[in-house]
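Close look at the chain arrangement
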Amino acid sequence: MLHAAIGFVGLTLRSLTGGKRAWAAALLVLLPPVFAGLAALFGKQVEPINLFHGFIFEFSLWFVIYLLSLIYGIALTMGEIEDGTAGYLYLSAVPKWLIVLIQMAVTTLALTALLFVNLALTGLAASLGKGEIPHLWRDVFSCTLVGGAGILVSLGYYVTCGLFFRSPMSALAGALIPTFFWEILMTSWPIKFAGFTLTNNLRGMLLPLVFDGRRGPLYRYVRNFHLPDYGEASMFLSILAGLFLVTAMVAAMNRSIEGKEAR
Amino acid sequence: MIVEAERLNKWYGRVIALNDVSLKIGAGITGLLGPNGAGKTSLMRILIGLMRESSGTIRVLGERPWNNPKLSVRIGYCPEHDGFYEGMTGTQFVSALARIRGVRDAAGAARRAIDWVHMDEAADRKIVTYSRGMRQRIKLAQAVAHKPELLILDEPLTGSDPLVRQELIGLIKTFAQEGGSVIVSSHVLHEIEQLTRSIVLIHRGRLVAEGDVRQIRDLIDHHPHTVEVKAERPRELAAALAREPEVVEIRLDNGTLWVRTPKPDQFYAKLPAIALGAEAGLLEISSPDDNLEAVFRYLTEQ
């Protein structure tokens, strides 16, 4: 079974790098550095460190991780079913729960590597013509680790949606509606529930790792509630990741691959 | 027994795909015959463990197929629809699937399977460039690369040109001659006739008949056929046909004659002369009964 499981690693990597999804991911990874570079070159009185941290908060550890996870999370399950390749995958020596686990682990690692590229390029672009950013690589690595946790949680949720819902549109709706209403709105509103969003918990983990643990101006919109500290945030994210992983594995064991004729 | 099903049901919400199907399939080649939407694909997906039955029991090679990876690797499956990793070459595709089915020398197994389906020359081309026939053959290669005991083929001949069709039929027969069992679905009787005499007929999710293909062929040949006849003067033709012993019923509907006959061959042979004698001006002859749907209708009405 180990040999077959290794085969799944290769097959998952191959499906990650092919097709339109790879182009969308590349665009998503490269856009923030381009904008950061333009802002650094043509913006007035912009400190490179503030520009870099601003892009981390507003793009990389928010939209980039959600969109990357969404593109690949739905595709891992619903995409395979729609493309007609799920039949080949599930007729294997590996149990379905392990297939999902392997796919999620490989995808999380691959997307975290993409996030690292995004953060590094953004940092370098933000410092264009204005000297080096202090502790750039420390910040890049810290943000990559925290972002990786965010990718694991959001990917787990989107994979679960892909396995739980019957059609691509309902899976997409199931994935996007909570993301929009919970993550984007709750994170932006200074109310009690904001402490339970993925974004704010990622920021809670990030705080002691970058900015030397001090709340900078970027935290202004979360000042009215208690931002989870590192321990609380890591506990919350671990529970969420575990919950989604187990749900996805159980969903995979119970999901019939019915094909389009069932609709 | 290769397959044993007992009171098998499958529901898609409120739509029933399989209705109380009980059957036994032995070794060798078995044809699963039925019109489109009969439930053939649903049954095949349950056999390979892709779908779970709603109720009833199913055993394939003595084991339950649902969530059973050990059984999965004993089965080779060739789906009807083209679903590929299009960016892969034929070799990469077959090799990757052999690997996840636990084959240690996946590259070697892929090469042998590709040679077997005579695709060696195109093996290193990307699948996206393959013709319909090549796609059918590479699907067959991935199904046999891990040396399964049972091959399940969902409409493998659909859309193939006559040459590829003959080649695929030869390959399927070879697989069976070498000791493997095959369940092959089709909605075309003569395709199945070329492969096997053992058939299972399924219609609207129900098992209609199982047994020798010749019995079905006899049913087609002997039950009253409906023939649609168009003529310039249909009333004159109807009057002439009414005198013929081969004709048991005539109906005139909007200028079209619907004739029922238990001896279609004799009727077809005599019709031109009858039309000529009656100066009816024969325009068109067609028989809606000449398809499998009519036989199923006949069998389910019995």
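Below is a short write-up of the structure. Because the structure is predicted, anything quoted here is derived from the model rather than measured.

The subject of this paragraph is the overall build of chain B. Along the backbone of chain B there are 11 helices and 13 strands. Residues counted as buried form 43% of the 302 residues belonging to chain B. Across chain B, contacts joining residues at least 24 apart in sequence account for 67% of those joining residues at least 6 apart.

Residue and element names in this part refer to chain B. Overall, antiparallel pairing links the 3 strands, which are arranged 2-1-4 in an open sheet. Each having just a single partner strand, strand 2 (15-25) and strand 4 (55-60) make up the two edges of the open sheet. On average, each strand axis in the sheet is inclined to that of its neighbour by 25°, with strand direction left out of account. Direction of pairing for strand 1 (residues 3-12) relative to strand 4: antiparallel, over a ladder of 5 bridges. Bridge pairing in strand 4 places Glu4 opposite Arg59. Along the sheet face, helix 1 (residues 40-47) touches strand 1, strand 2 and strand 4 and points at about 60° away from the line of strand 2.

The subject of this paragraph is the pairing of strand 10 (residues 225-231) of chain B. Residue and element names in this part refer to chain B. A one-sided burial pattern is seen for strand 10, the buried positions being His225, Val227, Val229 and Ala231 and the unburied ones Thr226, Glu228 and Lys230. In this sheet, strand 12 (residues 256-261) lies alongside strand 10 in antiparallel orientation, the contact comprising 6 bridges. Bridge pairing in strand 12 places Val227 opposite Val259. Here strand 10 runs beside strand 13 (residues 282-286); their pairing, made up of 4 bridges, is antiparallel. Paired with Val229 across the two strands is Ile285, which belongs to strand 13.

Moving on to the interface of chain B and chain A. At the interface, 27 residues of chain B touch 28 residues of chain A. At 4 residues, the largest contribution of residues to the side of chain B that touches chain A is made by helix 3 (residues 90-100) of chain B. Residues that form the side of chain B that touches chain A fall into these classes: 13 nonpolar, 8 polar and 6 charged.

With that out of the way, let us pick up the pairing of strand 8 (residues 198-203) of chain B. All names here are of chain B. For strand 8, the buried fraction is high: 5 of the 6 residues fall into the buried class. Bridge count for strand 3 (residues 29-33) against strand 8 is 3 bridges, and the pairing is parallel. What sits directly across from Gly31, in strand 8, is Ile199. By the bridge criterion, 6 bridges tie strand 8 to strand 9 (residues 206-212) in an arrangement that is antiparallel. Looking at the pairing, Ser198 lines up with Asp212 of strand 9. In this structure, the hairpin formed by strand 8 and strand 9 is closed by a connection of 2 residues, where Arg204 is found at a positive phi of approximately 50°.

This part is about unusual backbone geometry. Phi at His135 of chain A is positive, roughly 55°, even though this residue is not glycine. The topology assignment puts His135 of chain A in the loop between helix 5 (96-126) and helix 6 (136-164). A tally of 13 C-beta atoms within 10 Å means that His135 of chain A is categorised as partly exposed. Although it is not a glycine, Glu279 of chain B sits at a positive phi angle of roughly 50°. Here Glu279 of chain B lies in the loop between helix 10 (264-277) and strand 13. A residue is classified by how many C-beta atoms lie within 10 Å of it, and Glu279 of chain B, with 12 of them, is exposed.

Attention shifts here to the sheet that holds strand 3 of chain B. All names here are of chain B. In spatial order, the strands read 5-6-7-3-8-9; together these 6 strands make up an open sheet with mixed pairing. Since the sheet does not close on itself, it has two edges, and those belong to strand 5 (75-78) and strand 9, each with one partner. Strand after strand, the sheet turns through a mean of 15° between neighbouring axes, direction not considered. Running at roughly 165° to strand 5, helix 5 (residues 132-144) makes contact with strand 5 and strand 6 (150-153) of the sheet. Contacts between helix 6 (residues 162-177) and the sheet are confined to strand 3, strand 6 and strand 7 (181-186), with strand 7 contributing the most and set at about 150° to the helix.

With that out of the way, let us pick up the packing of helix 3 of chain B against helix 5 of chain B. Residue and element names in this part refer to chain B. Here helix 3 crosses helix 5 at 30°, and the two axes come no closer than 8 Å. The angle between the axes of helix 3 and helix 5 places the two elements in the roughly parallel class. Between helix 3 and helix 5 lies a crossing of right-handed hand. Counted together, Gly90, Phe93, Val94 and Leu97 of helix 3 and Ile138, Ala141 and Gln142 of helix 5 form the full contact between these two elements.

Cut-offs used in this document
Residues numbered from 1 in each chain as written. Chains lettered and ligands numbered in written order. Predicted model: local features only at pLDDT ≥ 70, side-chain atom pairs only at ≥ 80, totals over all residues. Helix = DSSP H or I, 4+ residues; strand = E, 2+ residues; numbered from the N terminus. Buried ≥ 20, exposed ≤ 12 C-beta atoms within 10 Å, placed from the backbone. Contact = placed C-beta atoms within 7 Å. Pairing = 2+ DSSP bridges. Axes fitted to C-alpha atoms, helices over the stretch in contact; angles between N-to-C directions. Nonpolar A, V, L, I, M, F, W, Y, C, P; charged D, E, K, R; others polar. Parallel < 35°, antiparallel > 145°, perpendicular 65-115°, else oblique. Left-handed = near helix turned anticlockwise from the far one by under 90°.

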